[in-house]
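# Coordinate analysis (summary)
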Amino acid sequence: MSDLLRAPAEIKYAEELDWLESVDDGPKPFSWRLSPKMVRLFILGSERADGLDREISQKWYGDRSFVERSIVTLASDRGLLLIGDPGTGKSWLAELLSAAISRNSTLVVQGTAGTTEDHIKYSWNVSMVISKGHSRESMIPSPIMTAMETGAVGRFEELTRSTSDVQDALISILSEKYISVPEMDSDNIVFAKPGFSVIATANSRDRGVNDLSSALKRRFNFVRIPVVTNKKSEAEIVRFRTEELLKRHRIELDVPPTLLDVLLQSFADLRASAAAAGSDDEKLESALSSAEQIGVLEDAILHSNFFGERALTARTLASSLVGSLARREPEDLAILNKYLHGVVEPRSKEEGGSWPEFLEGGRDAIATLS
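From a predicted model like this one, the values you see are computed outputs, not experimental measurements.

## Section: the overall build of the protein
The helix and strand tally for the protein stands at 16 helices and nine strands. Considering only C-alpha atoms, the protein reaches an extent of 75 × 50 × 40 Å along its principal axes. Out of the 370 residues belonging to the protein, those deemed buried represent 48%. Taking all contacts inside the protein whose residues are at least 6 apart in sequence as the whole, residues at least 24 apart take part in 71%. When the accessible surface of the protein is summed, it comes to about 18300 Å², and 49% of that surface belongs to carbon and sulfur atoms. Within the protein, one finds 44 positive and 56 negative side-chain charges whose respective centroids are separated by 3 Å.

## Re the sheet that holds strand β5 (residues 153–157)
With respect to topology, five strands assemble into an open sheet ordered β2-β5-β8-β1-β9, the strand pairing being parallel. Here the strands that pair on one side only, and so sit at the sheet edges, are β2 (108–110) and β9 (220–225). Looking at each pair of strands side by side, their axes are set apart by 20 degrees on average, direction ignored. In terms of strand pairing, strand β1 (residues 79–84) meets strand β8 (residues 197–203) through five bridges, oriented parallel. In the strand pairing of β8, Leu 80 is matched with Ile 199. Its contacts with the sheet place helix α5 (residues 90–102) against β1, β5, β8 and β9, and it is angled at close to 170 degrees to β5.

## Some details on the packing of aromatic side chains
Counted according to the given criterion, the structure contains four aromatic pairs. Measuring from centroid to centroid gives 5.9 Å for Tyr 13 and Phe 42, while their planes differ by 80 degrees, and the two rings are edge-to-face. In this pair, Tyr 13 is assigned in the loop between α1 (9–12) and α2 (14–23) and Phe 42 in helix α3 (residues 36–44), connecting sequence segments 29 residues apart. This pair shows no difference in class: Tyr 13 is buried, exactly as Phe 42 is. Centre to centre, the rings of Tyr 178 and Phe 191 are 5.7 Å apart; their planes meet at 55 degrees, and the pair counts as tilted. Placement of the pair is Tyr 178 in strand β6 (residues 178–180) and Phe 191 in strand β7 (residues 189–191), with a sequence separation of 13 residues. Taking the relative accessible area as the measure of exposure, Tyr 178 reaches 29% and is therefore partly exposed. Cation over ring: Arg 347 sits above Trp 355, and NZ or CZ is 4.8 Å from the ring centre.

## Considering the side chain of Glu 292
Note on placement: Glu 292 falls in helix α13 (residues 290–307). Of the residues examined, Glu 292 reaches a relative accessible area of 16% and is grouped as buried. Engagement of the side chain of Glu 292 in a polar contact is seen with the backbone nitrogen of Leu 288, the distance being 2.7 Å. When near neighbours in sequence (up to four residues on either side) are disregarded, Glu 292 contacts Phe 267, Ser 286, Ala 287 and Arg 327.

## Remarks on helix α11 (residues 231–249)
Between its terminal C-alpha atoms α11 stretches 27 Å, which fits the 27 Å expected from 19 residues at 1.5 Å a residue. For α11, every residue scored as buried is listed here: Glu 234, Ala 235, Ile 237, Val 238, Phe 240, Thr 242, Glu 244, Leu 245 and Leu 246. Elements that come into contact with the buried residues of α11 comprise α1, α12 (257–276) and α13. Directly after α11, the chain includes Arg 250, whose backbone phi takes a positive value near 55 degrees.

## Describing the environment of Val 126
In this structure, Val 126 sits in helix α7 (residues 126–132). Separated by 216 residues in sequence, Val 126 and Gly 342 place their C-alpha atoms 63 Å apart.

## Overview of α12
For α12, with 20 residues, the first-to-last C-alpha span of 29 Å sits near the 28 Å given by 1.5 Å per residue. Of all the positions in α12, only Leu 259, Leu 260, Val 262, Leu 263, Leu 264, Gln 265, Ser 266, Phe 267, Asp 269, Leu 270, Arg 271 and Ala 274 are classed as buried.

## So, the nonpolar core
Of all hydrophobic cores here, the largest spans 74 residues; its most connected members are Val 39, Ile 43, Trp 60, Leu 97, Leu 317 and Phe 358. Looking at this core, the element that brings in the most residues is α5, giving eight residues. Val 39 has contacts with Trp 32, Leu 34, Ile 71, Leu 97, Ala 100 and Ile 101, leaving out every residue within four places of it along the chain. Grouped together as the second largest cluster of nonpolar side chains are 34 residues, Ile 83, Leu 159, Leu 170 and Ala 200 included.

## With respect to the pairing of β8
Consecutive side chains of a regular strand alternate in pointing toward one face of the sheet and then the other. Counted residue by residue, β8 has seven buried out of seven residues, so it is predominantly covered. Pairing geometry for β5 and β8, over four bridges, is parallel. Residue pairing for β8: Phe 156 is matched across the bridge by Ala 200.

Calculation criteria
Residues numbered from 1 in each chain as written. Predicted model: local features only at pLDDT ≥ 70, side-chain atom pairs only at ≥ 80, totals over all residues. Heavy atoms only, no water. Helix = DSSP H or I, 4+ residues; strand = E, 2+ residues; numbered from the N terminus. Buried < 20%, exposed > 50% of the residue type's maximum accessible area, 1.4 Å probe, protein only. Contact = heavy atoms within 4.5 Å. Areas by Shrake-Rupley, 256 points an atom, 1.4 Å probe, with all protein chains shown as cover. Lys, Arg positive; Asp, Glu negative; His and termini not counted. Charge placed at Lys NZ, Arg CZ, Asp CG, Glu CD. Pairing = 2+ DSSP bridges. Axes fitted to C-alpha atoms, helices over the stretch in contact; angles between N-to-C directions. Phe/Tyr/Trp six-rings, centres within 6.5 Å; stacked < 30°, edge-to-face > 60°. Lys NZ or Arg CZ within 6 Å of the ring centre and 35° of its normal. Polar contact = N/O pair within 3.5 Å; in protein donor to acceptor, adjacent residues only side chain to side chain. Expected span 1.5 Å × (residues − 1). Core = buried A, V, L, I, M, F, W, Y, C linked by side-chain atoms within 4.5 Å.

Note that every value here comes from positions in space, so none of it alone points to a role or purpose.
Below you can see the structure in the form of structure tokens.
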């Protein structure tokens, strides 16, 4: 695992999955590696009431009902569509579900404007077709077809980014549970084995890009993942991801709780401002999600480690926040400047602490970018 830049969940948490599988005596749907209760426990972590001999870490933070509904959907013959704003953890939840159920989360199709029907069905090794003709040997199965053949979970990221032709091809797979291969004379149908399912994700901000047809919507159960706004839950998410970052980079650097509070409060303030805005021009282009909050902190930690005094400061945090969230010029810079003068400046005078240094760092960053 140390040789991988980013290990998939089934490798990263292999020890936990092995142990859970060894003690799991619950009923398992189809070819699932873990029972539904153990899948939930793997994702949400163990509690004392579970009576386990070891602790299982929490990996996804959110309402447990979202996880339970997702698991129930995958135990049926319907697809699962996780939909929400960017950075709400949809892809991470899909990866964890696939890892727990199939021990393989890498059967992924990435939806883009360039995704074709071949990407979700199959293509051909041209040189082998020329020498041996169309056969299973010369076929290159898509990740979705591989999931069908092995009874595993296939993933389709950013479904609404793909064109209607690709979406129509997925309707057939979800409905019929097989793929026809007309180029071959025999053995020309690939049937899905029990356990096959599809987890798709969709960005709610992409509405109108390539809207899903009513026929495709009927093949999915929708689970809407909201932006985490509860400070306690968000703090847990940020701490969890920050600890992973520090371990991966072998960085020994403390994140003072006061600075984490400043980061959380800043995002809460900016979200409130966006909610009260009268037009899109008065809102930051950023979705202000937990993922973007983690990105701000990651940038600040790495900058402090490589170019600072190996100690995270409010000034560095403010500079990272401005640099990460100012995507449109001059609109976003004006919004951030208004926030600093209208919210942070009064707070720094009233509360003191890290806020005065945060204010100074934010002003300097805006001046540099202006």
